[in-house]
Amino acid sequence: MAVSGHLGEFLRARRSALRPEDAGVIAGLQRRRVSGLRREELAQLAGVSASYYTRLEQGHAVNASPAVLDALAGALRLDDHERAYLHTLAARRPRRLERPPAERVSALTRELLRSLGEVPAVLLGRRTDVLAWNGPGHALLAGHVDYAAPDRAADRPNLSRMLFLDPHTRALYADRERKARAVVGNLRSVAGRYPEDARLAALVGELSMASPEFAALWSDHRIKPCEADTYLLRHPLVGELTVGQQTLVVARTPDQSLVLMTTAAGSASENALRLLRHTSSAEPGRAAAAGDRR
């Protein structure tokens with residue numbers, strides 16, 4: 001499945017998901033052949049001609065003005081992230097897929113990860129590849145995976161792949177469907193910014209073929225950057241605990257993000273996390289200054 005995120009696909013998906021009554025359209029008594037808005041209805045709400053909107057959705061019109069895009073975003077009731085994504089798609093021009101080099105981790109970022117101590121942390125790349133993690137982060141999210149796997153570019157775990165295809169990770173999230181929507185929404189956002197990324201295209205294609213759930217969520221064209229949320233985890237060693245996950249952009253490498261996981265002070269979840277740190281195996285011995293080895 002192509003990851004380029006064509007403007008027409010996005011518009012059709014959002015149009016079909018919007019009920020006429022939610023957009024203020026009186027449906028009338030005649031039976032509708034489409035579940036969402038008709039093209040002419042959306043065009044009227046946005047203040048553009050039906051013929052122009054049809055050409056835009058079919059990919060025959062280019063250079064849509066910011067004012068037109070904002071009008072369409074308002075008619076479709078897009079949120080700020082979806083509105084920005086719409087503008088990004090409209091500005092993109094077709095390019096050949098390129099295979100970018102494996103992502104690298106700077107010495108400063110490794111030092112930051114080490115300094116977090118007992119706070120579970122995972123460093124993710126553009127495509128949700130695990131570039132590095134500390135001991136608590138590994139024990140909390142993926143204790144069944146080789147701790148040193150992120151150090152080998154060819155073997156790096158991928159959190160999106162694990163969430164949809166790995167039984168251990170699927171069982172970890174009590175509300176896995178909500179987490180899945182967030183992960184796919186984030187990948188959609190990345191795909192809009194990097195439509196030429198062949199590695200991302202390969203990941204989307206793999207997951208679309210292997211997971212009908214992923215394919216359905218991907219075709220929905222929802223945009224949701226992973227920023228901050230709370231999840232109930234069912235950990236195989238310490239049972240249930242509620243963690244807050246916050247994503248921070250790494251300085252100088254905006255494609256990399258640091259995911260921190262915290263628990264409420266004095267809570268049972270905090271005690272469970274403390275128990276996990278004591279019961280999980282210690283980090284395998286590695287050179288203290290791993291540096292930039294890839």
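These remarks concern the structure in this document.

Conventions adopted
- Residues numbered from 1 in each chain as written.
- Predicted model: local features only at pLDDT ≥ 70, side-chain atom pairs only at ≥ 80, totals over all residues.
- Heavy atoms only, no water.
- Helix = DSSP H or I, 4+ residues; strand = E, 2+ residues; numbered from the N terminus.
- Buried < 20%, exposed > 50% of the residue type's maximum accessible area, 1.4 Å probe, protein only.
- Contact = heavy atoms within 4.5 Å.
- Areas by Shrake-Rupley, 256 points an atom, 1.4 Å probe, with all protein chains shown as cover.
- Core = buried A, V, L, I, M, F, W, Y, C linked by side-chain atoms within 4.5 Å.
- Arc of directions from axis to C-beta.
- Axes fitted to C-alpha atoms, helices over the stretch in contact; angles between N-to-C directions.
- Salt bridge = Lys/Arg side-chain N within 4 Å of Asp/Glu carboxyl O.
- Phe/Tyr/Trp six-rings, centres within 6.5 Å; stacked < 30°, edge-to-face > 60°.

This part is about the overall build of the chain. Broken down by element type, the chain carries 13 helices and five strands. Burial statistics for the chain: of 294 residues in total, 48% are counted as buried. Within the chain, contacts between residues separated by at least 24 positions form 60% of all contacts whose residues are at least 6 apart in sequence. Surface exposure of the chain reaches about 15,100 Å², of which carbon and sulfur atoms provide 53%.

A few words now on the nonpolar core. Ranked by internal contacts, the top residues of the largest apolar core, which has 40 residues, are Leu-140, Phe-214, Leu-233 and Leu-241. Residue contributions to this core peak at seven residues, all from helix α10 (residues 176-193). Among all residues touching Leu-241, those that are not within four sequence positions of it are Leu-140, Tyr-231, Leu-232, Leu-233, His-235, Ser-269, Ala-272 and Leu-273.

This part takes up helix α12 (residues 212-219). Every buried residue of α12 is accounted for by Phe-214, Ala-215 and Trp-218. The buried side chains of α12 occupy one side of the element, clustering within an arc of 100° when seen end-on. Summarising the contacts, the buried residues of α12 are in contact with α8 (159-165), α10 and α11 (198-210). One or two positions beyond α12, positive phi appears at His-221, with a value near 60°.

Running from amino to carboxyl end, helix α1 (residues 7-17) crosses helix α3 (residues 50-57) at an angle of 120°, the nearest separation of the two axes being 8 Å. Facing α1, whose interface residues are Leu-7, Gly-8, Leu-11, Arg-12 and Arg-15, α3 presents Tyr-53, Leu-56 and Glu-57.

Among all positions of α3, only Tyr-52, Tyr-53, Leu-56 and Glu-57 are buried. The arc that holds every buried residue of α3, seen down its axis, measures 130°, which confines them to one face. Against the buried residues of α3 lie α1, α2 (39-46) and α4 (66-76). Once α3 ends, the next one or two residues include Gly-59, with phi positive near 80°.

Here we take up the pattern of salt bridges. Counting across every chain of the model gives 22 salt bridges. The partner of Arg-38 in a salt bridge is Glu-41, and the shortest N-O contact between them spans 3.2 Å. Between Arg-126 and Asp-255 there is a salt bridge; the shortest N-O distance is 3.0 Å. Taken together, the residues span a long stretch of sequence, with Arg-126 in the loop between β1 (121-124) and β2 (130-133) and Asp-255 in strand β5 (residues 253-262) at a distance of 129 residues. Look at Arg-126 and you get buried, because its relative accessible area is 17%. Through salt bridges that share partners, Glu-103, Arg-126, Arg-127, Asp-129, Asp-197 and Asp-255 make up one connected network.

Overall, the coordinates contain four aromatic pairs when judged by the stated rule. Ring plane angle 75° and centroid distance 5.0 Å describe the contact between Phe-10 and Tyr-85, whose orientation is recorded as edge-to-face. Of the two residues, Phe-10 sits in helix α1 while Tyr-85 sits in helix α5 (residues 80-91), which places them 75 residues apart along the sequence. Tyr-85 shares its class with Phe-10; the two are buried. In textbook terms, an aromatic cluster arises when at least three aromatic residues are bridged by ring pairs, as seen for Phe-164, Phe-214 and Trp-218.

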